[in-house]
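Each chain, letter by letter, is given below.
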Amino acid sequence: MHNRKRKHRSGNPSRRREEREPQRTESAERIKFIKGTNTWNMGRTVTVAACTLNQWAMDFDGNLRRIFQSIQQAKEMGATYRSGPELEICGYSCEDHFYESDTLLHSWEVLAELLKSPICEDILIDVGMPVMHKNVNYNCRVAFINKKILLIRPKMRMCEDGNYRESRWFSAWTKERMVEDYFLPRMISAITDQSIVPFGDAIISTKDTCIGFEICEELWNPSSNHIPMSLDGVEIIVNGSGSHFELRKAYVTVDLVKAATFKAGGCYIFSNLRGCDGARIYFNGGSSITLNGKILNRGKEFALQDVEVTVATLDLEDIRSYRNNIRSRTHLAARAQPYPRVKVDYALTSDGVISNRPTIPISCDYYSMEENESSRWRYHTPEEEISLAPACWLWDYLRRSCQGGFFLPLSGGVDSTAVACLVYSMCDMIVSSVSKGDSQVLSDIRKIVGDGEYVPTDPKQLCNVILFTCYMATENSSIETKTRAAELASQIGAYHHGIVIDTAVSAVLGIFQQVTKLTPRFKVHGGSPRESLALQNIQARLRMVIAYLFAQLMLWVRGRPGGLLVLGSGNVDEALRGYFTKYDCSSADVNPIGGVTKTDLKKFLIYFRKKHNMHTLDAILDAPPTAELEPLQHGQLAQLDEIDMGMTYKELGAFGKLRKQNCAGPFSMFCKLLHMWEDCTPKEIADKVKHFYRCYAINRHKMTVLTPSCHAETYSPDDNRFDHRPFLYNHTWKWQFKAIDDQVSLLQDGKTLRSSSAVEGVAKRQRGTVGMENQMQSHCSRVNTQTNRL
């Protein structure tokens, strides 16, 4: 029987004693601590650095500066090996710029600056950049030391899912354990005095250890390279990565590197990008150094820091003894196929028997709401992730767009409130970073506000400087939403105005009336669905026009140069359903919540209210979602979003996950929901699925103009690169819906039995426990004659 708890396999009694006495970090029998110093006796330790960089696509000058900074910090922290993230020289999101020879040229120019700099002397370094070999573009790691290039290692597994399209620009190196000669550019040869260097799947052998490489996707791939490399004696595996943020994903990379080193032994250096480098994704850092299944050190996931260097010191003998104790592994290693080795006259360890103290592994508290100093790191809750990732993404977008702040149409509802709170969260992070001495953040915020002496000390005050909000009322707006918007703006410190736009609405209607001699009416006033929808859209679209007017001129009003970025506030569920007006306030410069569900946004506001003690959020959370585009009835709301959509936000979330994550079409979705929604009859489920797909098909065209948003949810309908589908559908889905109808007929004929819980659910419905459902059914019957908020 195999005992998978490897720590119990050791025959070393001191290790077993260590497990019984967790307060003792090392065995007295194994090594002796020299009092008054930071060294241990009898160990071969190596200090390595994983660098997290906030790079920017095509910003070669800034990228070089941050790489230099990371190398300098790594050396100051005692590291003899430094690794960085994927494609750090040019930036990951260059996309079709990778086709340009200029991108390759400038990447070599940056490498030349690194090679000849004294900062890069006496430390082994690898950097990420594109390299063309035999007229083929490869995503590569370039390893060098003391003006000599040791190896160019191309990526062997392309990432093609979700937001990634790597094979559009790069090819995978498929020649396993093979290298070829690469002829260096003359500008590089002049520095290195080399004309040819090895290019391919090889490893580096120093005087004391062996180093191998994976690049991002190779860690995720079922046929990961770290397994054969570890069997061939590679002790340190380095991964330069470009892994982006998604809600509830943080544990994945941690589990992968822990599992890799648990079963194979060794040290795994994982270096990841951070920030918005010019696209819709946020790279969430979290660089780590792992040894034999345990995390030695890990960087922050969410921070404004441009450069973060994570170091750890490890004993190479720990790798060797760990591996040798796994006897099944040693038998495999004994017959492992060898890798080509690039030998280098350099040692990562010191020459003497006295070496640095190894880093003690750290643990994790899953989803703890409080910081735990003893564990040193923890996973963030989804609510915390929402408060941090989009806020960091906004910060990068704001400072790199050279704008003076944000303009947000504030409606008093959950969505725009969440966006305002995210800007406040960003301000809170800025103040915290400045207080900790981050000179880059201070320099950036001074440029944004146009004051070279400005020092932010209070998030609320900073919010007043960079966030402009406006409540745009019409005759259909309620006093409740106006009050909630004003109170929220006051609590977070936003520079707020409340205006009435009825004059503009009347002016536009006047033009139409002048031409047609007809006056459209709302449904409650006897108008048709088309008339009512057109009147709603006039209000929504005018708000977008007014928002851009105010965004261009409000800094002028306050005597400051520049303009403001307009923030959108549509959530991922409404985008999926198409429940928004094309070119209304959903049309903005950026949308920080476009990848977040309504349910998660509410949870975020609950968390935010507790953290910042903002009582105004209670009323906003308790209020029913409404667009407030139809006339009030006796001063009360007559329009509710879920009734208008014909489905609840919870149902929308289920549709979204099945459509994208489970790759379900209408029929498959119906079949899966039969088991998920056992309190619904087959006919009810069929009607819901049909209604969703009709609305989805009719409104999919809106995705082509969807405001760029921070990617966060796995079922995002973002048409730009995450969810590639047509935008013109046959909304009748005739063949698919017939398959559903046939299955419903079989179920109703009794050829397939429903579970008893379904019968109970039907009984509940018959007792009238779902009044809102009846209203939705009524709405669904009109779906062929109108679309919501076209």
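Residues numbered from 1 in each chain as written. Predicted model: local features only at pLDDT ≥ 70, side-chain atom pairs only at ≥ 80, totals over all residues. Heavy atoms only, no water.

**Here's the deal with the overall build of the protein chain**
For the record, the criterion: A helix here means a DSSP run of H or I that spans at least four residues, while a strand means a run of E at least two residues long, and both kinds are numbered starting from the N terminus. Three exposure classes are used, based on accessible area relative to the maximum for each residue type with a 1.4 Å probe and protein chains only: buried under 20%, partly exposed in between, and exposed over 50%. Any pair of residues with heavy atoms lying within 4.5 Å of one another is described as a contacting pair. Every accessible area reported is derived by Shrake-Rupley at a probe size of 1.4 Å, with residue values counting cover from the shown protein chains alone.
When helices and strands are tallied, the protein chain shows 26 helices and 25 strands. Out of the 790 residues in the protein chain, the part that is buried amounts to 57%. Put simply, of all contacts in the protein chain between residues at least 6 apart along the chain, 73% involve residues at least 24 apart. When the accessible area of the protein chain is evaluated, it comes to approximately 33100 Å², of which 53% is carbon and sulfur surface.

**Remarks on the pairing of strand β24 (residues 495–500)**
Applicable threshold: Any two strands are treated as partners once DSSP identifies two or more bridges connecting them. Orienting the strands away from the viewer, one traces the path from the first strand over the helix to the second; a clockwise path indicates a right-handed crossover.
As paired elements, strand β23 (residues 467–473) and β24 share six bridges and run parallel to each other. Across the sheet, residue Ala473 finds its bridge partner in β24, namely Val500. Handedness of the crossover joining β23 and β24 through helix α14 (residues 479–492): right-handed.

**Digging into the pattern of salt bridges**
Stated formally: Salt bridges, as used here, are contacts in which a Lys or Arg side-chain nitrogen is within 4 Å of a carboxyl oxygen on Asp or Glu.
Within this structure, the stated rule accounts for 32 salt bridges. The closest approach of N and O atoms between Asp61 and Arg65, which form a salt bridge, is 3.4 Å. Placement of both Asp61 and Arg65 in helix α2 (residues 60–76) is noted, with a separation of four residues, approximately one turn of the helix. Take Arg65: its relative accessible area is 45%, and that puts it in the partly exposed class. Between Glu166 and Lys155 there is a salt bridge, with its nearest N and O atoms 2.8 Å apart. Of the two residues, Glu166 is situated in the loop between β6 (148–154) and β7 (179–183) and Lys155 in the loop between β6 and β7; the sequence distance between them amounts to eleven residues. Look at Glu166 and you get buried, because its relative accessible area is 2%. Overlapping salt bridges bring together Arg82, Glu88, Asp126 and Arg141 as one network.

**Here's the deal with a nonpolar patch on the surface**
Defined as follows: Distance thresholds for patches are 9 Å for like charges and 5 Å for nonpolar side chains (Val, Leu, Ile, Met, Phe, Trp, Tyr), applied to residues having over 30% relative accessible area and no salt bridge.
Where nonpolar side chains cluster on the molecular surface, the patch consists of Leu549, Leu553, Trp556 and Val557 and spans about 420 Å² of accessible area. Among the secondary structure elements, Leu549 is positioned in helix α16 (residues 529–557).

**Focus: the sheet that holds strand β12 (residues 267–272)**
Definition in use: Axis definition: a line fitted to C-alpha atoms, over the contacting stretch in the case of helices. Angles run 0 to 180 degrees between N-to-C directions.
Strand order in this open sheet of seven strands is β16-β15-β12-β11-β10-β9-β18, and the pairing throughout is mixed. In the strand order of this sheet, the two ends are held by β16 (294–298) and β18 (341–343), each with one partner. Here the strands of the sheet are splayed against their neighbours by 20 degrees on average, with no regard to which way each runs. On the sheet, helix α7 (residues 250–264) packs against β12, β15 (288–291) and β16 and is oriented at approximately 130 degrees with respect to β16.

**Considerations on helix α12 (residues 439–449)**
Let me state the cut-off plainly: Of all possible arcs, the one meant is that of the directions from the helix axis to the C-beta atoms. Any pair of nitrogen or oxygen atoms within 3.5 Å is treated as a polar contact; in protein, a donor-acceptor pairing is required on top of that, and neighbouring residues in sequence qualify only through side-chain atoms on both sides.
Turning to α12, its buried residues number three or more, namely Val441, Leu442, Asp444, Ile445, Ile448 and Val449. Taken around the axis of α12, the buried residues stretch over an arc of 165 degrees, which confines them to a single face. Facing away from the buried side of α12, by more than 90 degrees, are the exposed residues Ser439 and Lys447. Residues of α12 that are buried sit in contact with α10 (382–401), α11 (414–435) and α13 (459–466). Here α12 starts with a cap whose side-chain oxygen sits 3.1 Å from the backbone nitrogen of Gln440, and that cap is Asp438. One or two residues past the end of α12 sits Gly450, with phi positive at roughly 75 degrees.

**Looking at unusual backbone geometry**
In this model, Met58 sits at a positive phi of 75 degrees, which is unusual for a non-glycine residue. Relative to the assigned elements, Met58 resides in the loop between β2 (45–53) and α2. For Asn292, which is not a glycine, the phi torsion comes out positive at approximately 50 degrees. Tracing the backbone through its elements, the reader meets Asn292 in the loop between β15 and β16. Looking at Asn292, the relative accessible area reads 12%, which means it is buried.

**A look at the side chain of Asp208**
To be explicit about the condition: Residues counted as positive are Lys and Arg, residues counted as negative are Asp and Glu, and His and the chain ends are not counted.
Locating Asp208 in the fold gives a position in the loop between β9 (203–205) and β10 (210–215). Arg44 is the oppositely charged side chain nearest to the buried, salt-bridge-free Asp208, at an N-O distance of 5.2 Å. A polar side-chain atom of Asp208 sits 2.6 Å from a polar atom in the side chain of Thr206. The residues contacting Asp208, other than those within four sequence positions of it, are Glu235, Leu316, Arg320, Tyr346, Ala347, Leu348 and Thr349.

**Considering the sheet that holds strand β22 (residues 406–409)**
Overall, parallel pairing links the four strands, which are arranged β24-β23-β22-β25 in an open sheet. The open sheet has two edge strands, β24 and β25 (565–566), and neither has a second partner. The sheet strands contacting α11 are β22 and β23, and the helix crosses β22 at an angle near 155 degrees.

**A look at the nonpolar core**
Defined as follows: Buried residues of nine kinds, namely Ala, Val, Leu, Ile, Met, Phe, Trp, Tyr and Cys, make up a nonpolar core once their side-chain atoms join them within 4.5 Å.
Formed by 66 residues in total, the largest nonpolar core has its most connected members in Phe406, Met426, Ile430, Ile445, Ile492 and Phe604. The element that contributes the greatest number of residues to this core is α11, accounting for 14 residues. Counting residues in each nonpolar core, the second largest holds 53 residues, with Leu114, Cys159, Phe170 and Ile188 among its members.

**So, the packing of aromatic side chains**
Rules: Side-chain rings of Phe, Tyr and Trp (the six-membered ring for Trp) are treated as a pair once their centres are within 6.5 Å; stacked means planes under 30 degrees apart, edge-to-face means over 60, and tilted covers the remaining angles. Sitting over a ring, as applied to charges here, requires NZ of Lys or CZ of Arg to be within 6 Å of the ring centre and within 35 degrees of the ring normal.
The tally for this structure, following the rule as stated, stands at 25 aromatic pairs. The structure contains a cluster of three or more aromatic residues connected by ring pairs, namely Phe655, Trp677, Phe692, Tyr693, Tyr696, Tyr729 and Trp733. Here Arg177 stacks its cationic end above the ring of Tyr339, 4.6 Å away from the centre of that ring. Here the guanidinium or amino end of Lys702 rests over the ring plane of Phe580, the centre of that ring lying 5.2 Å away.

**Some points on the side chain of Ser478**
Inspection of the secondary structure assignment puts Ser478 in the loop between β23 and α14. Only 2.5 Å separates the side chain of Ser478 from the side chain of Glu628, close enough to count as a polar contact.

**Some thoughts on the pairing of β12**
Among the six residues in β12, six count as buried, and that is most of the element. Alternating residues of β12 divide into Cys267, Ile269 and Ser271 and Tyr268, Phe270 and Asn272, and every residue in both groups is buried. Bridge count for strand β11 (residues 236–241) against β12 is six bridges, and the pairing is parallel. Opposite Ile237, over in β12, you have Tyr268 as the bridge partner. Between β11 and its parallel partner β12, the chain crosses via α7, and the hand of that crossover is right-handed.

**Notes on the confidence of the model for the protein chain**
Regions with low pLDDT should not have their predicted coordinates read in detail. Which entries qualify depends on this criterion: pLDDT measures how confident the predictor is about each residue, on a scale from 0 to 100.
When pLDDT is averaged across the protein chain, the result is 87; 87% of the residues are at 70 or more. Confidence drops under a pLDDT of 50 for residues 752–759, and excluding neighbours within four residues, the segment shows twelve contacts in the predicted structure. Counting contacts from residues 761–787, a segment whose pLDDT is below 50, to residues more than four positions away or on other chains yields 40 contacts.

**Some words on the environment of Asp255**
Along the chain, Asp255 turns up in helix α7. A residue is classified by how much of its surface remains accessible, and Asp255, at 34% relative accessible area, is partly exposed. Expressed as a C-alpha distance, the spacing of Asp255 and Gly293, which sit 38 residues apart in the sequence, is 9.1 Å.

**Focus: α13**
When we look at burial in α13, the residues that qualify are Pro459, Leu462, Cys463, Val465 and Ile466. Across the axial projection of α13, the buried residues extend over an arc of 160 degrees, all falling on one side. Check the buried side of α13 and you find it contacts β22, α11, α12, β23 and α14.

**Focus on the packing of helix α22 (residues 666–676) against helix α24 (residues 734–748)**
Where we set the bar: Each angle receives one of four descriptions, namely roughly parallel if under 35 degrees, roughly antiparallel if over 145, roughly perpendicular if within 65 to 115, and oblique otherwise. Three classes are used: nonpolar for Ala, Val, Leu, Ile, Met, Phe, Trp, Tyr, Cys and Pro, charged for Asp, Glu, Lys and Arg, and polar for all others, with Gly counted as polar.
Closest axis-to-axis distance for the α22/α24 pair is 8 Å, and the angle between their directions is 30 degrees. Viewed along their axes, α22 and α24 adopt a mutual orientation that is roughly parallel. Taking contact as the criterion, the partners of Pro666, Phe667, Phe670 and Leu674 in α22 are, on α24, Gln736, Phe737, Ala739, Ile740, Gln743, Val744 and Leu747. When grouped by side-chain class, the residues that make up the contact of α22 with α24 number nine nonpolar, two polar and no charged.

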